[in-house]
There are 2 protein chains.
Amino acid sequence: MIVVDAMGGDHGPGPVVEGACEAARVTRAQLELVGEPSLVEPLVAKFGDPERRLRVIPAEGVIAMDAKPRVALAEQPQASLPVAARRVADGGQRYAMVSSGNTGAVVLSCAGAFKRIPGVRRTALAAVMPTEKRRGEKDDPFSLVLDVGATLRVDAEDLATFAVMGSTYASIVSKNVSPRVALLSNGTEPTKGLPEIVAAHALIRDLPGIRFIGNIEGLHLPRGAADVVVCDGFTGNITVKMLEGIFEGIVDMARYAQRSKMTWRFGLWLLENGIRRLKEVTDWQQYGGAPILGFDRLCIKAHGRSGARAVRNAIRVAERCLAQDLCARIEDGLRDQKAERADAS
Amino acid sequence: MIVVDAMGGDHGPGPVVEGACEAARVTRAQLELVGEPSLVEPLVAKFGDPERRLRVIPAEGVIAMDAKPRVALAEQPQASLPVAARRVADGGQRYAMVSSGNTGAVVLSCAGAFKRIPGVRRTALAAVMPTEKRRGEKDDPFSLVLDVGATLRVDAEDLATFAVMGSTYASIVSKNVSPRVALLSNGTEPTKGLPEIVAAHALIRDLPGIRFIGNIEGLHLPRGAADVVVCDGFTGNITVKMLEGIFEGIVDMARYAQRSKMTWRFGLWLLENGIRRLKEVTDWQQYGGAPILGFDRLCIKAHGRSGARAVRNAIRVAERCLAQDLCARIEDGLRDQKAERADAS
């Protein structure tokens, strides 16, 4: 069962319900839409649910996109987001959640309602970053980067946990049997970086079932040297947002480099379609949003700006993760790791 | 006097001596070239020094680009880099240094030979990052980012010191009377980020003579929202290198987005010249390399790959900083800041 926060997002329930209706047609998912029935039900009627896969679960109001998460959740325990999270928690292992709401509030709602997987001390929000290189059976042109903001400061154990979680998720979502995992640092040598990076390098190198390729530098990120990039949430947040800013501004930058030239303008005009496609390649919404990893339930956080397509893709990814038992596999991976280390010591 | 490490860099003394000879012709700088006389002197003869502004200072050997800095400097105290640093230290306030050698060894040589400016606890390596927006009298299309690797972990006081140093440097190099200074964080709110960022925000806000525009996110970096971006060396290193990787790979990315289309190929061909210019805009070598700030002597670290033009520009920047008394102005700025805080408390 995929429980969708029908009210979150920059554009209100419209695109969320539309995306859920599309998902109900193209996937086998059972869906619950959590929100104000007076708003959500007419939208379901409008976009259609011929196979009756959607059910509306009532909730009161919405956590605003710019609200302070902790305050808003305390004041609005019946808003769509916390109601959805509790529903997933109570529903059991076959439940997952999708929300395009306030990121901080989504992470906090999960923390309030879900349990951490045994062995996980810190959870991670993972994002996809467009790269030159493609990977996996699905030929995905992105790396998974985690954490990008759930845990700003980490220790070596946290980074090793992120490596296991990210590798498991990437293997399911990109159908990549053995994703290459790297640590982001300021140098490729194992001894380079903050003390926790150096210690994490030694830990991850010895993890069973993880294809660790060592440290990578910022230079290697856009090239796609790794399928899974492990870092603290502060650094991850800044790099992922920076890339977003670059692609948004790329046309302007090109233009100002040679503003006056007619051939340049004509060239840009010819490329317009290509640039749009480049934007699509870099558009992480099409990859179903950002998973929050480390809880016993999966939550996919779709971008606040998500349209129906992004919501539909987020639901699809959530469904695939449920089908492949993501959370159980992460738990197994972490258990193997502990066992290996106990054997070694 | 500009003391140039003539041996450092990926391409040996050739481009360094060529750049120094060019600088001797186009600037008023007096120059010393530190290196093996048997290698350096013939190069000076080749590239020419008609006004006799260059003097060769003998040194033995070179710190290799891939050497471990601490080990190499202990083993080769007479190599060009440490000899140059000691010469600048002994020469006095009117001396500055330029090197395109091993970055870690350059920073370490400075730390060994120079004193920190009173009030500076941690030094910073600053880099320029290309942006859409232009700034200053010189219309420079870059932001100054510091630290990018000298100090991986910082506290709030360090960040405030970086703000003063970066603002002073930018005002001289970009002829920007009042550079906008920002803190790099994972959100724009003053309360967002690691504890040291939140504390630094409160400190920098109250600095006299600093035009603080608050926190910026990764998204704002390529747009050029700030003239001076303050961050820890780990984050700065990764963001600056990432941008380098993006521009190196941009044409490939564009190409693969629409590989088959003829119009796309034709468009790219028309843009070739523009793309080359775009690369120039993003080529920080033309801005004279990266200053190491916080010591009582200035050192400009040029990229290891520097050609003659980059070396010449680094010498020019060093000369301008000497003419404008950069180190004394940083010291004044830090003193004002302490005085202000003492008054306030």
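Refer to the structure printed above.
How each quantity is defined
Residues numbered from 1 in each chain as written. Chains lettered and ligands numbered in written order. Predicted model: local features only at pLDDT ≥ 70, side-chain atom pairs only at ≥ 80, totals over all residues. Heavy atoms only, no water. Helix = DSSP H or I, 4+ residues; strand = E, 2+ residues; numbered from the N terminus. Buried < 20%, exposed > 50% of the residue type's maximum accessible area, 1.4 Å probe, protein only. Areas by Shrake-Rupley, 256 points an atom, 1.4 Å probe, with all protein chains shown as cover. Contact = heavy atoms within 4.5 Å. Polar contact = N/O pair within 3.5 Å; in protein donor to acceptor, adjacent residues only side chain to side chain. Phe/Tyr/Trp six-rings, centres within 6.5 Å; stacked < 30°, edge-to-face > 60°. Pairing = 2+ DSSP bridges. Right-handed = clockwise from strand over helix to strand, strands pointing away. Salt bridge = Lys/Arg side-chain N within 4 Å of Asp/Glu carboxyl O. Core = buried A, V, L, I, M, F, W, Y, C linked by side-chain atoms within 4.5 Å. Arc of directions from axis to C-beta. Patch = residues over 30% accessible without salt bridge, like charges linked within 9 Å, V, L, I, M, F, W, Y side chains within 5 Å. Lys, Arg positive; Asp, Glu negative; His and termini not counted. Charge placed at Lys NZ, Arg CZ, Asp CG, Glu CD. Axes fitted to C-alpha atoms, helices over the stretch in contact; angles between N-to-C directions. Parallel < 35°, antiparallel > 145°, perpendicular 65-115°, else oblique. Nonpolar A, V, L, I, M, F, W, Y, C, P; charged D, E, K, R; others polar. Left-handed = near helix turned anticlockwise from the far one by under 90°.

Engineer: Even after reading the chapter, I still don't get the overall build of chain A, so can you show me in this structure?
Structural biologist: From N to C terminus, chain A includes 11 helices and 11 strands. Each of the 345 residues in chain A was classed as buried or not, and the buried ones make up 62%. Element-wise, carbon and sulfur atoms account for 50% of the exposed surface of chain A, whose accessible area totals about 13,700 Å².

Engineer: How should I be thinking about helix α5 (residues 103–113) of chain A in this particular structure?
Structural biologist: Each full turn of the α-helix corresponds to 3.6 residues, which orients residues three or four apart in the same direction. All names here are of chain A. Inspection of α5 places A105, V106, V107, S109 and C110 among the buried residues, and these make up the whole buried set. Tucked into the core, α5 has its buried residues touching α3 (69–75), α4 (80–91), β4 (96–99), β10 (290–293) and β11 (298–301). One side-chain oxygen of the residue at the start of α5 lies 3.2 Å from the amide nitrogen of G104, identifying that residue as N102.

Engineer: Can you help me understand the side chain of T239 of chain B in this one?
Structural biologist: Within the secondary structure, T239 of chain B sits in helix α8 (residues 233–257). Setting aside its immediate chain neighbours within four residues, T239 of chain B contacts I238 and M242 of chain A together with M129 and L221 of chain B.

Engineer: Where do I start with the packing of aromatic side chains in this structure?
Structural biologist: For any pair of aromatic rings, the description consists of the separation of the ring centres together with the inter-plane angle of the planes. Residue and element names in this part refer to chain A. All told, the structure shown has 2 aromatic pairs over all chains when counted by the stated rule. Consider the rings of F114 and F295, whose centres lie 5.9 Å apart with planes at 75 degrees: the pair is edge-to-face. Here F295 lies in the loop between β10 and β11 and F114 lies in the loop between α5 and β5 (124–135), a separation of 181 residues in the sequence. The class of F295 is buried, set by a relative accessible area of 4%.

Engineer: Any chance you could explain the pairing of strand β3 (residues 54–58) of chain A here in plain terms?
Structural biologist: The two faces of the sheet receive side chains in turn, since in a regular strand these alternate between them. All names here are of chain A. Two elements, strand β2 (residues 31–35) and β3, share 5 bridges in a ladder whose sense is parallel. Note that in β3 the partner of G35 across the bridge is P58. With helix α2 (residues 37–47) bridging β2 and the parallel β3, this β-α-β connection has right-handed handedness.

Engineer: Please clarify how the pattern of salt bridges should be interpreted in this entry.
Structural biologist: Once their charged atoms are close, side chains differing in charge can pair, the charge on each being opposite to the other. All names here are of chain A. Under the defined criterion, the tally for this structure stands at 26 salt bridges over all chains. The salt bridge partner of R87 is E32, with a shortest N-O separation of 2.5 Å. One end of the pair, R87, is in helix α4; the other, E32, is in strand β2, with 55 residues separating them in the sequence. Given the relative accessible area of 1%, E32 is considered buried.

Engineer: What is the right way to look at the pairing of strand β8 (residues 211–216) of chain B in this model?
Structural biologist: Residue and element names in this part refer to chain B. When strand β7 (residues 180–184) meets β8, the two strands line up parallel, connected through 5 bridges. Counted as the bridge partner of L183 is N215 from β8. Following the chain from β7 across helix α7 (residues 195–205) to the adjacent parallel β8, one finds a crossover that is right-handed.

Engineer: Would you mind showing me how to read the nonpolar core here?
Structural biologist: Nonpolar side chains tend toward joint burial in soluble globular proteins. Counting residues in hydrophobic clusters, the biggest one holds 218 residues, and the most contacted among them are I2 and I315 of chain A together with I2 and I315 of chain B. Residues within four places of I315 of chain B in sequence aside, it is in contact with I2, V4, G19, A20, A23, A29, L31 and V98 of chain B.

Engineer: What is the right way to read α2 of chain A from this model?
Structural biologist: All names here are of chain A. Residues of α2 that are buried include every one of V40, L43 and V44, and no others. Down the axis of α2, the buried side of the element spans an arc of 105 degrees, and every buried residue falls inside it. Those residues of α2 that are exposed and aimed more than 90 degrees away from the buried face are S38, A45 and K46. The elements touched by buried residues of α2 are α1 (13–26), β2 and β3. Looking at the residues trailing α2, positive phi occurs at G48, about 90 degrees.

Engineer: Would you take a moment to explain a negative patch on the surface for this structure?
Structural biologist: Where like charges cluster on the molecular surface, the negative patch consists of D206, D336, E340 and D343 of chain A. Within the element layout of this structure, D206 of chain A appears in the loop between α7 (195–205) and β8 (211–216).

Engineer: Just to check I follow, could you spell out the environment of K133 of chain B for this structure?
Structural biologist: Residue and element names in this part refer to chain B. The topology assignment puts K133 in strand β5 (residues 124–135). Classification of K133 as partly exposed rests on a relative accessible area of 41%. C-alpha separation for the pair K133 and A59, spaced 74 residues apart in sequence, amounts to 43 Å. Those residues in contact with K133, other than ones at most four positions away along the chain, are D140, P141, F142, R180, R223 and G224.

Engineer: Would you explain the packing of helix α6 (residues 156–173) of chain A against helix α10 (residues 308–323) of chain A in this entry?
Structural biologist: To characterise two packed helices, one gives the angle between the axes of the helices and the distance between these axes. Residues and elements named next belong to chain A. Contact geometry for α6 and α10: axes closest at 10 Å, N-to-C directions at 110 degrees. The orientation of α6 with respect to α10, classified from their angle, is roughly perpendicular. Here Y169, I172 and V173 of α6 lie close against α10, whose contacting residues are V317, R320 and C321. Broken down by class, the residue content of the contact of α6 with α10 amounts to 5 nonpolar, no polar and 1 charged.

Engineer: Which parts of the structure should I look at to understand the packing of α4 of chain A against α5 of chain A?
Structural biologist: Residue and element names in this part refer to chain A. Across the interface, α4 lies against α5 with an axial gap of 9 Å and an inter-helix angle of 35 degrees. Judged by the twist between their axes, the crossing of α4 over α5 is right-handed. Counting all contacts with α4, which are made through L81, P82, A85, R86 and A89, the residues of α5 involved are A105, V106, S109 and A113. Residue composition of the contact of α4 with α5, by class: 7 nonpolar, 1 polar and 1 charged.

Engineer: What's the story with unusual backbone geometry in this structure? I'm lost.
Structural biologist: Negative phi characterises most residues that are not glycine, and trans characterises most peptide bonds. Here L146 of chain A and D147 of chain A are connected by a cis peptide whose omega angle stands at 5 degrees. Within the secondary structure, D147 of chain A sits in the loop between β6 (140–146) and α6. Phi is positive for K175 of chain B, which is not a glycine, with a value near 45 degrees. Positionally, K175 of chain B belongs in the loop between α6 (156–173) and β7. Backbone geometry at D325 of chain B places phi at a positive 55 degrees, although glycine is not the residue there.

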